[in-house]
Amino acid sequence: MSTYVFAKFKIHDRAGYDRYVELATPIFMRENVKIHGSDDAPKPITPDMAADKAVLLEFRDEAHYVHFFSQPDYIAAAKHRDAASTISAIKFERFTGLD
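These figures come from a predicted structure and were not determined experimentally.

What counts, and at which threshold
Residues numbered from 1 in each chain as written. Predicted model: local features only at pLDDT ≥ 70, side-chain atom pairs only at ≥ 80, totals over all residues. Heavy atoms only, no water. 1 Å grid on protein atoms, 1.4 Å probe; cavity = no way out; pocket = protein on both sides within 12 Å on 5 of 7 lines; lining within 4 Å. Points joined across faces, edges and corners; volume = space filled by probe spheres on them. Helix = DSSP H or I, 4+ residues; strand = E, 2+ residues; numbered from the N terminus. Nonpolar A, V, L, I, M, F, W, Y, C, P; charged D, E, K, R; others polar. Contact = heavy atoms within 4.5 Å. Axes fitted to C-alpha atoms, helices over the stretch in contact; angles between N-to-C directions. Parallel < 35°, antiparallel > 145°, perpendicular 65-115°, else oblique. Left-handed = near helix turned anticlockwise from the far one by under 90°. Salt bridge = Lys/Arg side-chain N within 4 Å of Asp/Glu carboxyl O. Buried < 20%, exposed > 50% of the residue type's maximum accessible area, 1.4 Å probe, protein only.

K.L.:
How would you explain the layout of surface pockets if you had to name every residue and give the values?
P.N.:
Empty space within the largest pocket amounts to approximately 280 Å³. Along its surface, the largest pocket is lined by 19 residues, and Tyr17, Tyr20, Phe28, Val55 and Leu57 are the ones closest to its centre. Where the lining of the largest pocket is concerned, the elements lending two or more residues are strand 1 (3-11), helix 1 (14-30), strand 2 (34-39), strand 3 (53-59), helix 3 (72-84) and strand 4 (85-93). With six residues, helix 1 is the single largest residue contributor to the lining of the largest pocket. Residues belonging to the lining of the largest pocket are distributed by class as follows: 15 nonpolar, two polar and two charged.

Okay, here's the thing in structure tokens:
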């Protein structure tokens with residue numbers, strides 16, 4: 001069953017965040033992570049959702065999610081993200097109630 005990650009970012013170092021994107025994008029592609037959304041100007045519906053960037057990722061399943069975030073090259077890239085932004089993220093499973 002698909003596992004999703006929604007993340008929103010407050011970016012305080014655009015150059016540092018751009019370096020993360022440069023390093024991480026090929027890893028997402030190599031590992032076949034689906035990027036369903038990536039917005040540099042998301043519009044919050046509620047005040048607590050204000051962000052400079054929002055992304056929605058899909059992993060094949062929980063094992064794929066764990067595998068991806070344990071990759072040494074992604075861990076190295078994420079250090080740039082963490083230094084350049086504050087992230088809030090949530091993981092959730094695909095809705096299957098209508099299948």
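K.L.:
I'd love a proper account of the environment of phenylalanine 68, names of residues and values included.
P.N.:
Position of phenylalanine 68 among the secondary structure elements: in helix 2 (residues 62-69). Separated by 37 residues in the primary sequence, phenylalanine 68 and glutamate 31 have C-alpha atoms spaced 6.9 Å apart. What phenylalanine 68 contacts, discounting residues up to four positions off in sequence, is Ile27, Phe28, Glu31, Val33, Phe59 and Tyr74.

K.L.:
Explain the packing of helix 1 against helix 3 to me, using residue names and the numbers behind them.
P.N.:
Where helix 1 contacts helix 3, the two axes come as close as 8 Å, and the packing angle between them is 150 degrees. Considered as vectors, helix 1 and helix 3 are oriented roughly antiparallel to each other. Along this stretch, helix 1 crosses helix 3, giving a crossing that reads as left-handed. Contacts between helix 1 and helix 3 involve Gly16, Tyr17, Arg19, Tyr20, Leu23, Ala24, Ile27, Phe28 and Arg30 on the former and, on the latter, Asp73, Tyr74, Ala77, Ala78, His80, Arg81 and Ala84. For the contact of helix 1 with helix 3, the class distribution of residues is 10 nonpolar, two polar and four charged.

K.L.:
Hey, could you go over the pattern of salt bridges for me, with residue numbers and the actual values?
P.N.:
With the rule as written, the count across this model stands at seven salt bridges. When the shortest N-O distance is used, the salt bridge between aspartate 18 and arginine 14 registers 3.6 Å. One end of the pair, aspartate 18, and the other, arginine 14, are both in helix 1, four residues apart, so they sit about a helical turn from each other. Accessibility expressed as a relative area gives 37% for arginine 14, which makes it partly exposed. Between arginine 19 and glutamate 22 there is a salt bridge, and its shortest N-O distance comes to 2.9 Å. Taken as a pair, arginine 19 and glutamate 22 lie in helix 1 at a separation of three residues, close to a single helical turn. Taking the relative accessible area as the measure of exposure, arginine 19 reaches 34% and is therefore partly exposed.

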